[in-house]
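Residues per chain, in single letters:
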Amino acid sequence: MDELVRVLAVDDSVTIRKALELILAPTGFAVEFATSGGEAIDKARHGAPAVILLDFILPDMRGNEVCRALRDDARTADIPIVLVSARGAEIRQASEDAPNVVRYLTKPFTPHEVITVIHAATEACSATTATTAPPPRADAATEPATANASPTGAVVRDPARVVAAIEPPPTNAVCAPIEPPVSARRPPVSEPARQALVDERPDSNPISADDRRSRAPHDPVGVLRRAQGDRYDSTPLRPEPVRAPFVEASGALRPSGFAGAFQTERPTVIARDHFGPLLERLRAGLEAVHAEAIDTYAGAGAEAATPGGEDASELGAQLADALRRAESGSRHVLRQDGSIRSLGDMALDAYRRVCRLLFRAAAAGTLAADDAGDARPRVLVVCRAESPVAALLEGAVRDAGDWHALRIASDFRQIPMTVCLFGPTHLLVEATQGEAIWQQLRILRALPHTRPLAIIGVVPADADGADPSLDLERLREVGVTMVVAAGPDLAGVLRSHIGSMRAAA
Amino acid sequence: MRLMNGGGPERGAKVLVVSVDDALFACHLDWVEAAYAGAQPPIHLVRMGSDRARPFVPHGQEAAAVVDLRELLGLREALGPARRAGYLLVRSGAALLALPIDACVGVRELDLSQPAPVPTRLRREGGVPLGHMVELDGHVLTVLDPARLLDDGLRDALAPLQEKAQAFQDRQARIEQLWQEIRREPNAEQVRVFARLCSRSGRGRTAGAARQVLLHMDEDADSPPDHAGDAVDRLVGELLRRARSRSSGTLRVDLADGGGGEIVLAAGRVVDARCGASRGRDAFTRLLGAPHRGARFEERIEWAGSDRIAESTVALTIAALESLPSGARAL
């Protein structure tokens, strides 16, 4: 029986370690992991791996330092090292003074790339030393070994991957990057089959028949209870028409047009209408923003700083292509690397990237404050509907105009959750109300992330310090920092206080 | 609490509105897989780390990790654990989540063209809000974005759950299959595997009962038990020895309180039992659990009565031992 090739994978990211485990373990490699440079050196000395996959940036050391330490030790000097990083320029620099580095692997990587580069590393080493362990089982070695390797041994970056450098972490950080391409799992697709895959036409909504939904609906009749109207109904859940992620995306990206997420027209039409102007704005806003500060899902920055506007343009082109395919009835795309991807997945991916771009634009201040959603005061009003100050508070909020305001008039137990979600800058509280509200305010005080919250008590205009319902000591205890009398100009008073508080903050 | 649909044409999309800690949350129906009342779904635990167990709800071929909104919002420590009335199963990316809820308020046709929603301040990876909040009919409604419910840390933490839960469900299916086989025509290997799987699935009582029966199944059929067990164990041993030798007759049991009972076997299978006024399985279980002074077997060639018990003696004994209090069945 063949002895397994021992691979030492060094990476501090649990996602990458999991990905490597899932890629390598089934293909006949014995994988051992280290999470730091020190641990890697120790394991290399005692475990004698056939090859080391070394992340360039580790918590305690840089990759070139680890390489140097391994090279200086006779026990580990001959172990070939594959440097893994998203920072191509840095690892090239590291390679110049590290002779034990034989290959490079650029994040994000595909399973095929990982296996190929390990084979290349072990073969190169066995050619020079003739002492390395035998190759892994044949089923793992069926891929061509030169796909991404240049004559000089450096990994040639796929041009498409430059775009992927700003790809945000996938929703499922473990599954998405490690899914092996179809080409790595099955024999090459014959031309008729390939055509069938590409031209596979759904019965209805092309994008909605995403993989996720096609396997998701489970209809346990008699178990599933679905709410209909305001009551439970034992009618089993019927699969609803599924909206494309485009639609979800458009809603999330346009706060003022959130209804887009819930429209019922054909999603592709909505997407085209919404994404075009949006991406154009993004492109314009991101011209001066560069990608180098943006993490890839592998946890490191992009190799080169690229203007965000280019990303937006490329993303726009990608979305347009996906939409065109969707409109033509395709459900899947056969990609250059031989893998097949559903349009739904592509759209979700694009959605995440748009969100990331939007975030960058907001962080860089290149989008209007309204798009960022953070500039306006967020005011949460806690006041019973029957309170004497309720009408005045409502009027004040209405007159204030530029506040994001929400009101809680009953069920005060919701206050902590609502505060946590809404993140108000100010809390306007009916100050004469008793324990029901104050109990929740005490809970709020215990939450670390709500400590900056300014709580303003509002009392009727005729209340004074002698009013027995106005317990200032208690108000102070629950965190109320200011009490305002609800007069006719309550809106002006509140605006003034809130404005000065924000200015002070 | 009611959320009234506004008048006019229905232009929005349907969301399911649920209540948690008096706060209202909405989820687009496309992402809702199911809503379970609290007592309906079986809740299982899988050990996720060295000392943490994560509950999950089996749903079809998948496992939905139970994640309370208090946990998602970072309020677990401040508010503590909650007892909820049901579960809302929503898909969040590749994960299926079971959100404990207090109530299912209803389905609402939500048209957000008029009330402007505010993105939540709580954001997820990429700065995307967890949802949007809107005030409707005097209530604050948070429309959750299911794909953004989990932060990266929790998503990573939940990643092994599906695999572990799948293993658990596979074990359950295997246990059920083995049980059916044990009920029909048992052998020692089946019972051994059954006991092991039950033990690994947290069914310690069943595993203990199966192992107790297994002790007697492994004995030589012709020799009396060589271990000194308690009265229950001796009775089980005698019963299984008769079952192995395919005896027909009546095992008369003298109870410590002066009463008695009998277990009728036909070709090694228990077909009936009597203890006081009870008959059948109930009587069998009572005979095994009651203190008794001894038992004697009277052979009989034929059994003319009707069979009240149709399963194998081994399965019957395992089920009876499992239902006994732990003190009564201990070896």
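Just so we're clear, the structure is a prediction, and the values are computed from it rather than from any experiment.

A.B. asks: What is the right way to look at the overall build of chain B in this model?
C.D. replies: Looking only at helices and strands, chain B features 9 helices and 19 strands. Taking all 331 residues of chain B together, 54% fall into the buried category. Taking the intrachain contacts of chain B between residues at least 6 apart in sequence as the baseline, contacts between residues at least 24 apart amount to 60%. Surface accessibility of chain B: about 14,000 Å² in total, with carbon and sulfur atoms responsible for 48%.

A.B. asks: When you look at unusual backbone geometry in this model, what are you seeing that I'm missing?
C.D. replies: Trans peptide bonds make up most of the peptide bonds, and negative phi angles are found at most residues other than glycine. Residues and elements named next belong to chain B. Of note, the phi angle at Asp-137 is positive, near 50°, even though the residue is not glycine. Residue placement: Asp-137 occurs in the loop between strand E13 (131-136) and strand E14 (139-144). In this structure, Arg-246 is a non-glycine residue whose phi angle is positive, near 55°. By relative accessible area, which is 55% here, Arg-246 ends up exposed.

A.B. asks: What should I look at first to understand the sheet that holds strand E1 (residues 13-20) of chain B in this one?
C.D. replies: Adjacent strands of a sheet pair through backbone hydrogen bonds, lying either parallel or antiparallel. The mixed open sheet is built from 6 strands, whose spatial order is E9-E1-E2-E14-E13-E10 (chain B). In this open sheet, the two strands that pair with only one neighbour each are strand E9 (103-110) and strand E10 (118-119) of chain B. Across the face of the sheet, helix H17 (residues 415-422) of chain A comes into contact with E1, strand E2 (23-28), E10, E13 and E14 of chain B while running at roughly 50° to E2 of chain B.

A.B. asks: Can you help me understand the pattern of salt bridges in this one?
C.D. replies: In this structure the tally under the stated criterion is 32 salt bridges over all chains. With a shortest N-O distance of 2.8 Å, Asp-21 of chain B and Arg-84 of chain B are connected by a salt bridge. Separated by 63 residues along the polypeptide, Asp-21 of chain B in the loop between E1 and E2 and Arg-84 of chain B in the loop between helix H2 (76-79) and strand E7 (86-92) bring together distant segments of the chain. Considered together, Asp-21 of chain B and Arg-84 of chain B belong to a single accessibility category, that of buried residues. Between Asp-272 of chain B and Arg-279 of chain B there is a salt bridge, with its nearest N and O atoms 2.6 Å apart. With relative accessibility at 2%, the residue Asp-272 of chain B sits in the buried group. Taking the relative accessible area as the measure of exposure, Arg-279 of chain B reaches 40% and is therefore partly exposed. Where salt bridges share partners, they join Arg-413 of chain A together with Asp-21, Asp-22, Asp-68, Arg-70, Arg-84 and Asp-102 of chain B into one cluster.

A.B. asks: Would you explain the environment of Met-133 of chain B in this entry?
C.D. replies: If you trace the backbone, Met-133 of chain B turns up in strand E13. The class of Met-133 of chain B is buried, set by a relative accessible area of 0%. Here the alpha-carbon distance between Met-133 of chain B and Arg-121 of chain B, two residues 12 residues apart in the chain, equals 9.8 Å. Not counting residues up to four positions away in its chain, the partners in contact with Met-133 of chain B are Leu-406, Thr-418, Leu-421 and Phe-422 of chain A together with Ala-116, Pro-117, Val-118, Thr-120, Val-140, Leu-141 and Thr-142 of chain B.

A.B. asks: Would you take a moment to explain the packing of aromatic side chains for this structure?
C.D. replies: Given two aromatic rings, their pairing is described by the distance between the two centres and the angle made by the two planes. Residue and element names in this part refer to chain B. By the definition in use, this model includes 2 aromatic pairs over all chains. A centroid spacing of 5.7 Å and a plane angle of 85° characterise the contact between Phe-56 and Phe-168, whose relative ring orientation is edge-to-face. You can see Phe-56 sitting in strand E5 (residues 53-59) and its partner Phe-168 sitting in helix H3 (residues 152-184), a full 112 residues away along the chain. On the numbers, 5.4 Å between centres and 25° between planes, the contact of Trp-179 with Phe-194 is stacked. Residue Trp-179 is found in helix H3, and its partner Phe-194 is found in helix H4 (residues 188-200); the two are separated by 15 residues along the sequence. In this structure Phe-194 comes out as buried when scored by relative accessible area, which is 1%.

A.B. asks: When you look at the confidence of the model for chain B in this model, what are you seeing that I'm missing?
C.D. replies: Caution is warranted with low-pLDDT regions, since their predicted coordinates should not be read in detail. Residue and element names in this part refer to chain B. With 86% of its residues at a pLDDT of at least 70, chain B reaches an overall mean of 82. Counting interchain partners and residues more than four positions distant, the pLDDT-below-50 stretch residues 1-10 has 22 contacts. Interface confidence in the predicted complex, given as ipTM, is 0.71; pTM for the same model is 0.51.

A.B. asks: Just checking my understanding: could you explain the packing of helix H2 (residues 37-47) of chain A against helix H3 (residues 63-72) of chain A for this structure?
C.D. replies: When two helices pack together, you describe them by how their axes are tilted relative to each other and by the distance separating the axes. Residues and elements named next belong to chain A. At a closest axis distance of 10 Å, the pairing of H2 and H3 adopts a crossing angle of 25°. Relative to H3, the element H2 lies roughly parallel. As for how H2 packs across H3, the hand of that crossing is right-handed. On the side of H2, the interface is formed by Gly-37, Ile-41 and Ala-44, while H3 contributes Val-66, Ala-69 and Leu-70.

A.B. asks: Just to check I follow, could you spell out the environment of Met-482 of chain A for this structure?
C.D. replies: All names here are of chain A. Tracing the backbone through its elements, the reader meets Met-482 in strand E14 (residues 480-486). Using a relative accessible area of 22% as the deciding quantity, one classes Met-482 as partly exposed. In this structure, the C-alpha to C-alpha distance between Met-482 and Leu-428, residues 54 residues apart in sequence, is 9.8 Å. Setting aside residues no more than four positions away along its own chain, Met-482 makes contact with Ile-455, Ile-456, Gly-457, His-497 and Met-501.

A.B. asks: What is the right way to look at the packing of helix H5 (residues 204-217) of chain B against helix H8 (residues 313-323) of chain B in this model?
C.D. replies: All names here are of chain B. At a closest axis distance of 8 Å, the pairing of H5 and H8 adopts a crossing angle of 135°. In terms of orientation, H5 lies oblique with respect to H8. You can see that H5 and H8 cross each other, and the crossing is right-handed. Side by side, H5 and H8 meet where Arg-205, Thr-206, Ala-209, Ala-210, Gln-212, Val-213 and Met-217 of the first sit next to Val-314, Thr-317, Ile-318, Leu-321, Glu-322 and Ser-323 of the second. Counted by class, the contact of H5 with H8 contains 7 nonpolar, 4 polar and 2 charged residues.

A.B. asks: Would you take a moment to explain the pairing of E14 of chain B for this structure?
C.D. replies: Within a regular strand, the side chains alternate between the two sheet faces. Residues and elements named next belong to chain B. Across the 6 residues of E14, 6 count as buried, placing the element largely inside the fold. What you see with E14 is no split at all: His-139, Leu-141 and Val-143 on one side and Val-140, Thr-142 and Leu-144 on the other are buried throughout. When E2 meets E14, the two strands line up parallel, connected through 3 bridges. Its bridge partner being in E14, Ala-26 is matched across the sheet by Val-143. Bridge analysis of E13 against E14 gives 6 bridges, and the strand direction is antiparallel.

A.B. asks: Explain the nonpolar core to me, please; I cannot follow it from the model alone.
C.D. replies: Generally speaking, nonpolar side chains in soluble globular proteins are found buried as a group. With 64 residues, the main nonpolar core has Leu-427 and Leu-441 of chain A together with Phe-25, Leu-88 and Leu-97 of chain B as its most contacted residues. With 6 residues, H17 of chain A is the largest single contributor of residues to this core. Residues in contact with Leu-88 of chain B, not counting those within four places in the same chain, are Leu-16, Val-18, Val-32, Ala-34, Ala-35, Leu-97, Ala-98, Leu-99 and Ile-101 of chain B. Val-232, Leu-255, Ile-318 and Ala-319 of chain B belong to the second-largest nonpolar core, a separate cluster that totals 43 residues.

A.B. asks: Explain the side chain of Thr-313 of chain B here, please?
C.D. replies: All names here are of chain B. As for its placement among the helices and strands, Thr-313 is situated in helix H8. Here Thr-313 falls in the buried class, since its relative accessible area comes to 3%. A polar contact of 3.2 Å, which involves the side chain of Thr-313, links it to the backbone nitrogen of Val-270. Contacts of Thr-313, omitting those with residues within four sequence positions, involve Leu-239, Leu-240, Ala-243, Gly-268, Arg-269 and Val-270.

A.B. asks: Please explain the sheet that holds strand E1 (residues 5-10) of chain A as it appears in this structure.
C.D. replies: Residue and element names in this part refer to chain A. Spatially, the 5 strands line up as an open sheet ordered E2-E1-E3-E4-E5, and their pairing is parallel. The sheet terminates laterally at strand E2 (29-34) and strand E5 (101-106), the two strands that pair on one side only. Recorded for the sheet is a direction-independent mean angle of 20° between the axes of neighbouring strands. Sheet topology note: the strand E3 (residues 51-55)/strand E4 (residues 81-85) ladder contains 4 bridges and is parallel. Bridge pairing in E4 links Leu-53 to Val-82. Helix H1 (residues 14-24) contacts E1, E2 and E3 of the sheet and is inclined by roughly 170° relative to E2.

A.B. asks: Can you help me understand the pairing of E1 of chain A in this one?
C.D. replies: All names here are of chain A. Within E1, 5 of the 6 residues are buried, leaving the element largely enclosed by the surrounding structure. Here E1 runs beside E2; their pairing, made up of 6 bridges, is parallel. In the strand pairing of E2, Val-7 is matched with Val-31. As judged from the 4 bridges shared by E1 and E3, these two strands associate in the parallel manner. Directly across from Val-10, in E3, lies its bridge partner Leu-54.

Cut-offs used in this document
- Along every chain, residues carry numbers that run from 1 in the direction the sequence is written.
- Throughout, the order in which chains and ligands are written sets their labels, letters from A for the former and numbers from 1 for the latter.
- Two thresholds apply to this predicted model, a pLDDT of at least 70 for residue-level local features and 80 or more for giving and counting side-chain atom pairs, whereas whole-chain, interface and lining totals are computed over all residues.
- Working from all heavy atoms in the structure, the side-chain values ignore hydrogens and water.
- Numbering of helices and strands starts at the N terminus; helices are DSSP runs of H or I of at least 4 residues and strands are runs of E of at least 2.
- Accessibility here uses a 1.4 Å probe with only protein chains present; expressed as a share of the type maximum, an area under 20% marks a residue as buried, one over 50% as exposed, and anything in between as partly exposed.
- Pairs of residues are marked as contacts when any of their non-hydrogen atoms sit within 4.5 Å.
- Computed with a 1.4 Å probe, the accessible areas rest on the Shrake-Rupley method; for each residue, only the protein chains presented here act as cover.
- Two strands qualify as a pair provided DSSP detects at least 2 bridges between them.
- Axis geometry follows a simple rule: fit a line to the C-alpha atoms, using only the stretch in contact for helices, then measure angles between N-to-C directions, giving values from 0 to 180 degrees.
- Here, a salt bridge means any Lys or Arg side-chain nitrogen found within 4 Å of an Asp or Glu carboxyl oxygen.
- We call Phe, Tyr and Trp rings a pair once their centres come within 6.5 Å, taking the six-membered ring for Trp, and we label the pair stacked below 30 degrees between planes, edge-to-face above 60, and tilted otherwise.
- pLDDT measures how confident the predictor is about each residue, on a scale from 0 to 100.
- Roughly parallel refers to an angle under 35 degrees, roughly antiparallel to one over 145, roughly perpendicular to one between 65 and 115, and oblique to any angle outside these ranges.
- By definition, turning the near helix anticlockwise from the far helix through less than a right angle yields a left-handed crossing, and turning it clockwise yields a right-handed one.
- Three residue categories are used. Nonpolar comprises Ala, Val, Leu, Ile, Met, Phe, Trp, Tyr, Cys and Pro, charged comprises Asp, Glu, Lys and Arg, and polar comprises the others, including Gly.
- Among buried residues, those of type Ala, Val, Leu, Ile, Met, Phe, Trp, Tyr and Cys that are joined through side-chain atoms within 4.5 Å constitute a nonpolar core.
- Throughout this description, a polar contact denotes any pair of N or O atoms lying within 3.5 Å of each other; where both atoms belong to protein, one of them has to be capable of donating a hydrogen while the other can accept it, and for residues adjacent in sequence the pair is counted only when both atoms sit in side chains.

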